[in-house]
Structures are given as C-alpha cells and as structure tokens.
Amino acid sequence: MIGFSPFRIVAFAVLLLILVVGGTAIIEQLLRFGSMVAALFFASTMGFESGSNSSKAAGELMLKFAPVCTGTTYVVLTVIVMLVLTRWMRTSIQNRGNFLRTMFLYESLIIGSAIVLFPFFWMLATSFKPQGTELIMKSNPFDVIPDEPTITNFKKVLKLDAPPPGETGSEISPTTVENQKNFGTFFKNSLIISTIAAFFVTLFSAMGGYVFAKKELPYKKTLFAFFMGTMMIPGMMYMVPQFFIICKLGLFGTRWAMFLPHLASVFGVFMFKQFMDTIPTSLIEAARIDGASEYQVFRVLIIPLSMPIALTLFLLTFLFHWSNFLWQLIVTDFEAPLSITLPVGLALFKGQYSMDLSLIMSASCFSIVPIVVLFLFAQRYFIEGMTSGAVKE
Amino acid sequence: MRTSPSSAETRSSLKFLSPFLFFFVLFLLFPIFYSLYLSFFDASEGFGLSNLKWVGFSNYVQILGFHFQDGSIKLNDPAFWWSLVVTALYGGISIPLGIFASLGLALLLHNKLFGKNFFRSAFFLPNILDMLVVATIWASIYAPQYGFLAVLTKNFLGENQFFFKEGMLANPYTALPAVILAMVLKGAGFGMVLFLAALQNIPDSVYEAADIDGASKFQQFWLITLPLLRPIIFFMFITGIIGSLNAFSEIYAMTSGGPQIVLGEETLGSTTVSGFYLYQQFESGQYGYAAAISYVLLMVTVILTWIQQRFFPAESH
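Keep in mind the model is a prediction, meaning the values are calculated, not measured.

**Some remarks on the overall build of chain A**
Consideration 1: Helix and strand counts for chain A come out as 16 helices and 0 strands.
Consideration 2: When burial is assessed residue by residue, chain A has 38% of its 393 residues classed as buried.
Consideration 3: Here the contacts in chain A between residues at least 6 apart in sequence split such that 74% fall between residues at least 24 apart.

**Some remarks on the overall build of chain B**
Consideration 1: Along chain B, the regular secondary structure elements total 13 helices and 6 strands.
Consideration 2: Taking 317 residues into account, the globule formula puts the C-alpha radius of gyration at 20 Å, and chain B, at 25 Å, lies well above it.
Consideration 3: When its C-alpha atoms are laid out on the principal axes, chain B stretches across 80 × 75 × 40 Å.
Consideration 4: When burial is assessed residue by residue, chain B has 41% of its 317 residues classed as buried.
Consideration 5: Put simply, of all contacts in chain B between residues at least 6 apart along the chain, 65% involve residues at least 24 apart.

**A word on helix α12 (residues 274-283) of chain B**
Residues and elements named next belong to chain B.
Consideration 1: With respect to burial, α12 is a largely interior element, 8 of its 10 residues being buried.
Consideration 2: Taken residue by residue, α12 has Ser274, Gly275, Phe276, Tyr277, Leu278, Tyr279, Gln281 and Phe282 as its buried positions.
Consideration 3: Once α12 finishes, glycine 285 follows within two positions and takes phi at roughly 90 degrees, a positive value.

**Description of the interface of chain B and chain A**
Consideration 1: Tallying the contact residues gives 72 residues for chain B and 71 residues for chain A.
Consideration 2: The element best represented in the side of chain B that touches chain A is helix α1 (residues 7-38) of chain B, accounting for 16 residues.
Consideration 3: Classifying every residue of the side of chain B that touches chain A gives 52 nonpolar, 17 polar and 3 charged.

**What about the nonpolar core?**
Consideration 1: Judged by nonpolar contacts, the single largest core of 178 residues is most densely connected at A:Tyr210, B:Ala135, B:Trp138, B:Val179, B:Met192 and B:Phe195.
Consideration 2: Each of two domains, domain 1 (6-150) and domain 2 (177-392) of chain A, supplies a minimum of three residues to this core.
Consideration 3: Non-local contacts of B:Ala135, meaning those with residues more than four positions away in its chain, are made with B:Ala182, B:Ser249, B:Glu250, B:Ala253 and B:Met254.

**A short note on the confidence of the model for chain B**
Consideration 1: Confidence along chain B averages 84 in pLDDT terms, with 94% of residues attaining 70 or more.
Consideration 2: Two numbers describe this predicted complex: its pTM, 0.87, and its ipTM, 0.86.

**A few points about helix α5 (residues 131-142) of chain B**
Residues and elements named next belong to chain B.
Consideration 1: Relative to the 16 Å expected for 12 residues at 1.5 Å per residue, α5 spans 16 Å between its end C-alpha atoms, a close match to the ideal helical length.
Consideration 2: Extensive coverage of α5 is indicated by the burial of 12 of its 12 residues.
Consideration 3: Of all the positions in α5, only Met131, Leu132, Val133, Val134, Ala135, Thr136, Ile137, Trp138, Ala139, Ser140, Ile141 and Tyr142 are classed as buried.

**Comments concerning the packing of helix α8 (residues 175-200) of chain B against helix α10 (residues 217-246) of chain B**
To describe two helices that pack against each other, one gives the angle between their axes and the distance between the axes.
Residues and elements named next belong to chain B.
Consideration 1: Two numbers describe how α8 lies on α10: the axes approach to 9 Å, and their chain directions differ by 160 degrees. Here α8 is positioned roughly antiparallel relative to α10, judged by the angle of their axes. For the pair α8 and α10, the crossing hand works out as right-handed. Two secondary-structure elements touch here, α8 through Gly191, Leu194, Phe195 and Ala198 and α10 through Leu228, Leu229, Ile232 and Met236.

**Re the confidence of the model for chain A**
Consideration 1: On average, chain A scores 83 in pLDDT, and the residues at 70 or more come to 89%.
Consideration 2: Within chain A, helix α5 (residues 177-180) of chain A has the poorest average pLDDT of any element, 72, and helix α6 (residues 183-214) of chain A the best, 91.

**Brief notes about the domain arrangement of chain A**
Residues and elements named next belong to chain A.
Consideration 1: The domain boundaries assigned to chain A delineate domain 1 (6-150) and domain 2 (177-392).
Consideration 2: The centre of domain 1, based on its C-alpha atoms, is set 38 Å off from the matching centre of domain 2.
Consideration 3: Contact residues are listed per partner, giving 8 residues for domain 1 and 8 residues for domain 2.
Consideration 4: In terms of residue class, the side of domain 1 that touches domain 2 is made up of 3 nonpolar, 3 polar and 2 charged.

**With respect to the pairing of strand β6 (residues 266-269) of chain B**
All names here are of chain B.
Consideration 1: The sheet contact formed by strand β5 (residues 260-263) and β6 spans 4 bridges and is antiparallel. By the bridge assignment, glutamine 260 is partnered in β6 with glycine 269.
Consideration 2: What sits between the antiparallel neighbours β5 and β6 is a turn of 2 residues, in which glycine 264 has the positive phi angle 65 degrees.

Reading guide: rules and limits
Residues numbered from 1 in each chain as written. Chains lettered and ligands numbered in written order. Predicted model: local features only at pLDDT ≥ 70, side-chain atom pairs only at ≥ 80, totals over all residues. Helix = DSSP H or I, 4+ residues; strand = E, 2+ residues; numbered from the N terminus. Buried ≥ 20, exposed ≤ 12 C-beta atoms within 10 Å, placed from the backbone. Contact = placed C-beta atoms within 7 Å. Rg over C-alpha atoms; globule rule 2.2 N^0.38 Å. Nonpolar A, V, L, I, M, F, W, Y, C, P; charged D, E, K, R; others polar. Core = buried A, V, L, I, M, F, W, Y, C linked by C-beta atoms within 7 Å. Domains from an automatic or database assignment. pLDDT = per-residue confidence, 0-100. Expected span 1.5 Å × (residues − 1). Axes fitted to C-alpha atoms, helices over the stretch in contact; angles between N-to-C directions. Parallel < 35°, antiparallel > 145°, perpendicular 65-115°, else oblique. Left-handed = near helix turned anticlockwise from the far one by under 90°. Pairing = 2+ DSSP bridges.

As structure tokens, this is what we get:
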C-alpha cells in the first residue's frame, strides 16, 4: 500500500507553481490585449482625429481598464487553483499519480501552444505600438502590450497618411505610383492572383483526376506514374527556365506571370484521382444510359460529388499562391505596383523601413490575419488536405 | 486481357486532360530540358536574355571542378560546396528535431483530453501561414536592441553581447540554429497531426497483449509504437529533404545568407543554403550558371531518391 509520498507532494507543488506563474502571464496578456482593442475602439469613437491624441486617450482608457484586467486575472486564477486543490484532496492516494500525469499533460500543452503562437500574438501587439516605443522596458518582461496603442502604423502601411494633393511641400501625392505601393494594393493583388489560380488549378485537376480515375486512355497507368515521379523534383529547379519562358512570352511584371506556371498541379490530380476512385462507376454508367453526355456527367455528377476535395484543393492552392514568395519576387516589376503581391511587398517594405519594427509588424498582419480567420472557419479542410498526401500514399 | 479503349473514349479523355497537360508540358516538362540547354550558356556581359553565349560544359566545370594551386587542390567554386554543406546541416538538424518535436506533441495529445481539438489546431496553425512573413516576425524577435529577446534578456542580463548588442542572427555560430528553431516551431504541428492519426490507428489490443507478456511502457513504445510509426517518420524525412533543398524564404527574411564566416582563405555565408545560393547567382544575372546549379541540385535529388529506393524499399510507396 502506498502511503505518504514526498515525491508526489513536491511534484504537485512544482506543477502548481508553474500553473500560477504561467497562468498569470497568459491570462493577463490576453485580457490586456482585449482591453487595448476596446480602448482603441472607444478612443476612435470619441472623435479624436490626430494620431497622437487618440493614442493618448486610448492609453488613459487602458490605465482605467488595468485594475479590471489584473483583478479578473487573479479571480480566474484563484478559482482554477481552488478547483485543482479540491480535486487533489478528493483524489485517492492510489490515483494521485494519474492526477499528476494529467496535470503535467495540460500544462505542457498549454505552455507549448503559448510558445508556438507567441510570435503571432507579439506581431499583433507590436503592430499597435507607437514608433520609437519598442525599446521601453516594463517591470513585467512578458508584457508586450503597448501602453499607448495607436493605429497610425496601419494608416502608414496603407499610405493613408499622405498629405492631400496640391498641398505645398508634399513630396508624395496620393495618385503617384509610389503611393500606390501600399498594402491595400498588395493585398488586392494577392487576393486576385490566389483566387484565380486556385479556381483554375482546381478545375484542371478535377478534369485530369476524372480521366485517371474513371476514363480510359492508352498508357494511362504509365502516364500517371510519370506525373507522380515529377513530384519529387524540388520546385527550385524550375526557377530559371520558367523565368525565361515567362520573359519570352512577354509576361514579365504582369499578374499573369505570378500564377500561370503553377496551373498544372500534379498533387491536385493525385488528390482528385484518389477521391474519385471511391465514386461508384455504376453511377456514371447509369447517367450515360440516361443519355448524359461526357460533359454532363462531369458537370452534374462528378463535380457535385467531389465538392469536399475540390474545396480542400482550392484552399491549399490559394495558400500556396498567397505565400509563393520566391517566384513572385523574381517576376515582379518593382515599378509596376499592380504586380507586387503581399510577400514581395513585405520584402520591399522591410528594405525601406528595416528599423521600424511596429510598421513591419502591422504590414505582416495583412498576410497573417486573413489566413488565421480562414483557418478558423475551414480548419478541417486545411488539416485533412495537407496531411492527405502522407496518409494515402 | 485489357481491351484497348475506343478512339472516341480516348479523344474525350484527352479533351478532359488537355488543360492540365498543356500547362504541365509548357511549365513543368519542357523546363527540365530547357534548363539543361540553358546550362550550357553564360551571360557574356551584364543582364539580358539576349546576350547569352554558348560555353559548353564550362559552367559544370566551374561548379564541380577543382584546380591545383601551390601544390594543393582548390575547388573552383567553394561557395557552392559550402552551400551543400549548409543545406545538409540545415536538414540534418531540423529534420530530426522536427520529428522529435512533433512526435512529442502527438504523444502528449494522444490522451483523453478536454480541448484536444483546440490544441491540435493551435499547433497546426503556424504551418499554413506565409513562410516569409513568419520568418520576418522571427527576425524581429531575434533583432538586436529592440527585438523581443533583446528586450527580455536586458531585464536579466543587462545589455548583453549575445542577445542585445549583436542578436542571434548576426552571430555566424547561432544564426543557423536560430533559423532552425523558428522553422521547427512553425512546422511541428504538421508532423504532429500525421503522428496523431497513425497513433489512433494502432489498436488497443496490441498494447493489451504486450501488457500480458509483461512489456514495460518503455518497451511498448520502443518495440511497438515506434516501428508502427516508421512510415510517417520516413515520410517526414523525404519531405524534409525536399524542403531543405527548397529552403529560401526563411533564409531571405532572416539572414540573407549571412553572417559571413571565414574558413581557410574563403569568406562564406554561414546560412547560405543551396537554394539561396542559386537565387544569388540568378539575381546577379548568371542565368546559365544558375541553370547549371539547379541541374546539379536535381542530380543530388535523384541520388538521394535512388538511395532511398535502394535501402528502404518497403516504405517507398
């Protein structure tokens, strides 16, 4: 019979200590972030126009919110600690090993996800920092939330802060090419390119996958194996020749150049073939007997049945083009704002404002935040799609 | 006996396949040969596609060859060989670390837990975000003087040389590990989901049988779990190798190939992986040379694939 075990008491105390310290940091930062967003919102509705004033007002509001944040943190933490303590007391001595194991599991998972997600939280928090305050030290080293938040950075990144046209002394007029090089334009370009590419890749892959899954073609299996083989070639390999082809076609610096070379997706054909293999052939035969043409079979039967995989491939291709930095970099004409996409725009921007951390972080938000929101709604498709290659191979 | 398809069926098949086939041939198949053709040329003077000059095999001689000087062997292009070494280091450290981290996470999550899906999504999320942007954020975290690590350590260590004055990315010995750390944290969720799916497919009865036979938990992990996870580990090795050969955005955003390190008589970029070296050659207008490098890299891939098929045949499908 196991009686009093000093080891378990010590382990429990250590885990409890980690819970208190880590919990305080995480909960307080999240609450402070929430209070910052609320303060910015109220400050802007209170009608402050100029950037510095509204950031002062937001700062004052945040000071008022601060005791609420701290108070809530301690209340929540006390409740959690009390719950853990009562559970511990109620757990029989034999089961306390299991209890410690569960506690360890949760704590490592929470701390692990906090570490993995921290860069993005830090990006968000820093993007609201007024320029020049990045260096300010705080008593709590983990406190990354600005004291006087501002949205000036976002205005700068969108180049909304340029003086109105005709004003004396204004170097940049809003209509110039230079002023069009803002993250609004980059975002629009990335969105257009990624959406068009994703649509056509999905369509072409569905058509190709249909042939390999359900139709006849001489040397079909050999052809498919050949396509699969080319998947092993690193994408880097294609950089030089594809660049030459694009230049010879006279497409350098256009939006077409950004996605045309990637319209044939072997992975997409593979995914559609795998999925369409599971569609019963008798369905297609029945449709043919009813007089459906090849096009009708594909349009009315195959496409609706393959919708889940089509959506998955659409999202994955969208992501691929959203972050296809190297290719977009080499075919970008930096004089033409219409061809600059988000990642290329960020690289350009980073070269110009390398010391302005808060500006770079607010520019990064344009790429990260939409994808995070998309992920929240469609995570099943992302996770299943990205891992399907490994599971089914 | 397989009946050969009717010509009408073949025509309709080709019609469905044609858009894919068109772009495949133009942008994926033709470039493989076009690249070989280009690798026999060199830019004679300055930029421009038109002033390419036929140089035969001299690009390959320059990349792979060596010459004798003062009685010792000198490589013609030590920077290329160095970039292969850096790539091997990058892959050799990040792949095992990534497998280790994602397996650890999967083992943690492979329990009856409240909020399991939340953790799964949280760890997976960084995978889908733009590599360049994530690397930019990490570069800012490592940045000297105002980066997160600099500000954090200033509280404990004062204005220390390592994090505050120089920053991890400016030190030739810590730049590559810093990049690897960021990339492992970004990628761990992907392997975790794969391992988790595989772990869930192992039937409980296997472990029950092992329990009856008196196997310890460690033995069960070592002798049952790990062998059953081998296909996933293998898959992660393969994708990791391709990923290392393709590595570019993270290097571009975090170190731009630097900081410089002096080895013997050569000054080399301590994080110049082969993909970045290829880009540097391309960027400086050496199109033919870049094409030749990409062909050599393709050969490296072919050799690695051959080794894989030769020595791990069971898992190669």
